[in-house]
Amino acid sequence: MKDITIVGVLEERSNGFIVKTEIGKEFQLFSIRPMEAVSPDFDTGKFAVFVGKKVRASGMCDGDAIYSATVEEI
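These numbers come from a predicted model, not from an experiment. (Residues numbered from 1 in each chain as written. Predicted model: local features only at pLDDT ≥ 70, side-chain atom pairs only at ≥ 80, totals over all residues. Heavy atoms only, no water.)

For this particular structure, what's the right way to read the overall build of the protein?
The helix and strand tally for the protein stands at zero helices and five strands. Starting at the N terminus, the α and β elements of the protein follow one another as β-β-β-β-β. The buried share of the protein, taken over its 74 residues, is 38%. Of the contacts formed within the protein by residues at least 6 apart in sequence, a portion of 49% connects residues at least 24 apart. Carbon and sulfur atoms make up 51% of the accessible area of the protein, which totals about 4500 Å². (Helix = DSSP H or I, 4+ residues; strand = E, 2+ residues; numbered from the N terminus. Buried < 20%, exposed > 50% of the residue type's maximum accessible area, 1.4 Å probe, protein only. Contact = heavy atoms within 4.5 Å. Areas by Shrake-Rupley, 256 points an atom, 1.4 Å probe, with all protein chains shown as cover.)

Below, the structure is given as structure tokens:
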């Protein structure tokens, strides 16, 4: 995994929160690291206030998901 920062619009889907970039790439957001012993949706509700807004998301990326994600409106 590598650290990543992306810009896009945050959307809520049935399987969680995603950020869709301007080129159409989608990244699912997680508050936790991949191997933590809690539910994958743990603390993802903190992303709800950003739904529909342009955001900058940062965290550790495995290609399609961002773990330990932080989000800020831009």
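From this point on, the discussion continues.
What's the story with the pattern of salt bridges in this structure? I'm lost.
Close approach of charged atoms lets side chains of opposite charge pair. All told, the structure shown has six salt bridges when counted by the stated rule. As a salt-bridge pair, Asp64 and Lys25 come within 2.8 Å of each other at their nearest N and O atoms. In this pair, Asp64 is assigned in the loop between strand 4 (54-61) and strand 5 (65-73) and Lys25 in the loop between strand 2 (16-21) and strand 3 (26-29), connecting sequence segments 39 residues apart. Take Asp64: its relative accessible area is 51%, and that puts it in the exposed class. Accessibility expressed as a relative area gives 32% for Lys25, which makes it partly exposed. In this structure, Glu73 and Lys53 form a salt bridge, with 3.8 Å as the shortest nitrogen-oxygen distance. Of this pair, Glu73 sits in strand 5 while Lys53 sits in the loop between strand 3 and strand 4, and the two are 20 residues apart along the sequence. Lys53 sits in the partly exposed class, given a relative accessible area of 31%. Taken together, the shared-partner salt bridges in this structure form one network comprising Glu11, Arg13 and Glu26. (Salt bridge = Lys/Arg side-chain N within 4 Å of Asp/Glu carboxyl O.)

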